[in-house]
Amino acid sequence: MAILEILKYPHPILKKKCEEVGRIDEEVKKLIRDMTETMYQANGIGLAACQVGVPKRVVVVDVSPLDPEKEFFAIVNPEIISEEGEIEHEEGCLSVPEFSEKVKRKEKILLRGLSPGGKSIEVPCEGILAIALQHEIDHINGVLILDRISRLKRELYRNKLKKEKKKEEKD
Ligand SMILES: [Zn+2]
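Positions within a chain are numbered from 1, following the residues in the order the chain's sequence is written. Whole-chain, interface and lining totals are the exception, using all residues; otherwise, since this is a predicted model, local features are given only for residues with pLDDT of at least 70 and side-chain atom pairs are given and counted only at 80 or more. Values reported for side chains reflect all heavy atoms of the structure, with hydrogen atoms and water molecules removed beforehand.

Asks: Hey, could you run me through the state of the cysteines in this one?
Replies: Each disulfide is one covalent bond, formed between the sulfur atoms of two cysteines. When the sulfur atoms of two cysteines come within 2.5 Å, that pair is taken as a disulfide. One pass over the full model with this rule turns up 0 disulfides. Between Cys-50, a cysteine without a disulfide, and Cys-18, which holds the nearest cysteine sulfur, the sulfur-to-sulfur distance is 4.0 Å.

Given below as C-alpha cells:
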C-alpha cells in the first residue's frame, strides 16, 4: 500500500467529471487500497479517486469516527438512485484546507454501484454517511464544497489563498 498525494484546490483534476470504471482489475483494487490508506492517514472520512489524481469514479468512506455504527466501504461507479429530506452540516474537505462551511444535502439517499469485488450493491445511507457520500459523488462530478456555497464566501476563500501565496513568495 502507498500513501498518495492529495491534490488541493485549484488543481484542474478536481474540476473534471470522472470516467466510469469499465472493469475492476488489479489496478483499480490497488487504487482502492491506496486511497483507503491515504484517507486514514489524513484523518478524512471519505476520499474520491480524483483527489489523488486519478479521474475515475471510485470512492472510499469511513464515517465511524462520527457514527460508530457505520463501517468502511468502497464503491465504484456510485449513483444516487433516490433521495429524500434535507440536512445541513458543516463540511470540510481534504482538498480545500483550512476551510469549512455549512452545505445543504439530502438527508437520505439510496446508492447503487459496484463493490470492489465487482458485485452490484445498493446501500441505503442517512445522516453523516449520506452527507459524506454526496460530498464524494460531487468530487467525481468535478464539484467542490466551494461550488456549493455563496459567491461571497468563495471569493473570501480565494482571497485568503492569494494572500498566503504572496506571503510564501516573499518569504
Ligand atoms: Zn472533499
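Asks: Would you take a moment to explain the nonpolar core for this structure?
Replies: Where a protein is soluble and globular, its nonpolar side chains tend to be buried together. Membership of the largest hydrophobic core comes to 20 residues, with the highest contact counts inside it found for Val-59, Val-61, Phe-73, Leu-111, Cys-125, Leu-129 and Leu-133. Going through the elements one at a time, β2 (58–61), β3 (73–84), β6 (108–114), β7 (120–126) and α2 (127–140) are the ones with two or more residues in this core. Secondary structure elements are defined from DSSP: runs of H or I of at least 4 residues count as helices, runs of E of at least 2 residues count as strands, and each element is numbered from the N terminus. With 8 residues, α2 is the single largest residue contributor to this core. In these notes, a set of buried Ala, Val, Leu, Ile, Met, Phe, Trp, Tyr and Cys residues joined through side-chain atoms within 4.5 Å is what counts as a nonpolar core. Categorising residues by exposure relies on relative accessible area from a 1.4 Å probe, with only protein chains included: less than 20% of the type maximum marks a residue as buried, more than 50% marks it as exposed, and the intermediate range marks it as partly exposed.

Asks: Sorry, what's going on with the side chain of Thr-36 here?
Replies: Position of Thr-36 among the secondary structure elements: in helix α1 (residues 26–41). The class of Thr-36 is buried, set by a relative accessible area of 13%. A distance of 2.6 Å separates a polar side-chain atom of Thr-36 from the backbone oxygen of Ile-32. Contact criterion: two residues are considered in contact whenever any of their non-hydrogen atoms come within 4.5 Å of each other. The contact partners of Thr-36, leaving out residues within four places of it in the chain, are Val-60 and Phe-72. In protein, a polar contact requires one atom able to donate a hydrogen and another able to accept it; more generally it is a pair of N or O atoms within 3.5 Å, and residues adjacent in sequence count only if both atoms are side-chain atoms.

Asks: Mind showing me how you'd approach the layout of surface pockets here?
Replies: Take a probe with the size of a water molecule and roll it over the atoms, and the empty space left behind shows itself. Cavity means a closed set of points on a 1 Å grid over the protein atoms alone, one where a 1.4 Å probe fits but cannot get out, pocket means an open set with protein on both sides within 12 Å along at least 5 of 7 lines, and lining means a residue has an atom within 4 Å of a point. Grid points are joined across faces, edges and corners, and a volume is the space filled by probe spheres set on the points. Volume-wise, the largest pocket comes out at about 270 Å³. Along the walls of the largest pocket sit 17 residues, with Ile-45, Glu-91, Gly-92, Cys-93 and His-135 positioned nearest its centre. Sorting the residues of the lining of the largest pocket by element identifies β4 (87–93) and α2 as the ones contributing at least two each. Looking at the lining of the largest pocket, the element that brings in the most residues is α2, giving 6 residues. Considering only enclosed or pocket space, the second largest pocket measures out at about 200 Å³ in volume. The residue makeup of the lining of the second largest pocket, split by class, is 3 nonpolar, no polar and 5 charged. As a working rule, the residues Ala, Val, Leu, Ile, Met, Phe, Trp, Tyr, Cys and Pro are called nonpolar, Asp, Glu, Lys and Arg charged, and the rest polar, with Gly in that last group.

Asks: Mind showing me how you'd approach the pairing of β7 here?
Replies: The two faces of the sheet receive side chains in turn, since in a regular strand these alternate between them. Any two strands are treated as partners once DSSP identifies two or more bridges connecting them. In this structure, β6 lies alongside β7, joined through 7 bridges in antiparallel fashion. Along β7, the bridge assignment pairs Leu-110 with Pro-124. Taking the residues that link successive antiparallel strands as the turn, the β6-β7 hairpin has 5 residues, and the phi of Gly-118 there is positive, at about 90°.

Asks: I keep staring at the coordination of the zinc ion and nothing clicks. Help me out?
Replies: Ideal geometry at a metal gives 109.5 degrees between four tetrahedral donors and either 90 or 180 degrees between six octahedral ones. Coordination of the zinc ion by the protein comes from Cys-93 (SG), His-135 (NE2) and His-139 (NE2), over a distance range of 2.0 to 2.2 Å. Distances up to 2.8 Å from the metal define which N, O and S atoms are donors, and 3.2 Å serves for Na, K and Ca; water is absent from the atom set, so sites may look incomplete. Donor residues for the zinc ion sit on one chain with the sequence pattern C-x41-H-x3-H. You can see His-135 and its partner His-139 sitting in helix α2, 4 residues apart, about one turn around the helix.

Asks: Looking at this structure, how should I read α1?
Replies: An α-helical turn contains 3.6 residues, so any two residues separated by three or four positions project in the same direction. Residue count minus one, scaled by 1.5 Å, sets the expected span of a helix. For α1, built from 16 residues, the straight-helix expectation of 22 Å at 1.5 Å per residue is met to within 8% by its first-to-last C-alpha distance of 22 Å. Taken as a whole, α1 has its buried residues at Val-28, Leu-31, Ile-32, Asp-34, Met-35, Thr-36, Thr-38 and Met-39. In this structure, the buried residues of α1 make contact with β1 (46–48), β2 and β3. Of the residues flanking the end of α1, it is Asn-43, one or two places downstream, whose phi is positive at about 60°.

Asks: Help me understand the sheet that holds β6, please; the structure alone is not making it clear to me.
Replies: Strands pair in a sheet through their backbones, by hydrogen bonds, and they do so in one of two ways: parallel or antiparallel. Taken in spatial order, the 5 strands of this open sheet run β1-β2-β3-β6-β7, and their pairing is antiparallel. One side of each edge strand has no neighbouring strand; the edge strands of this open sheet are β1 and β7. On average, adjacent strands in this sheet sit at an angle of 40° to one another, irrespective of strand direction. Pairing between β3 and β6: 6 bridges, direction antiparallel. Directly across from Val-76, in β6, lies its bridge partner Leu-114. Helix axes are fitted only over the stretch in contact, all axes being lines through C-alpha atoms; the angle between N-to-C directions runs from 0 to 180 degrees.

Asks: Just checking my understanding: could you explain the pattern of salt bridges for this structure?
Replies: Any Lys or Arg side-chain nitrogen found within 4 Å of a carboxyl oxygen on Asp or Glu counts as a salt bridge. This model, assessed by the stated rule, comprises 11 salt bridges. For Glu-98, the salt bridge identified is with Lys-160, shortest N-O distance 4.0 Å. With Glu-98 in strand β5 (residues 96–105) and Lys-160 in helix α3 (residues 151–170), this residue pair connects regions lying 62 residues apart in the sequence. As a salt-bridge pair, Asp-138 and Arg-105 come within 2.9 Å of each other at their nearest N and O atoms. Separated by 33 residues along the polypeptide, Asp-138 in helix α2 and Arg-105 in strand β5 bring together distant segments of the chain. Note on Arg-105: relative accessible area 5%, which makes it buried. Connected through salt bridges with shared partners, the residues Glu-91, Arg-105, Asp-138 and Arg-148 form a single ionic network.

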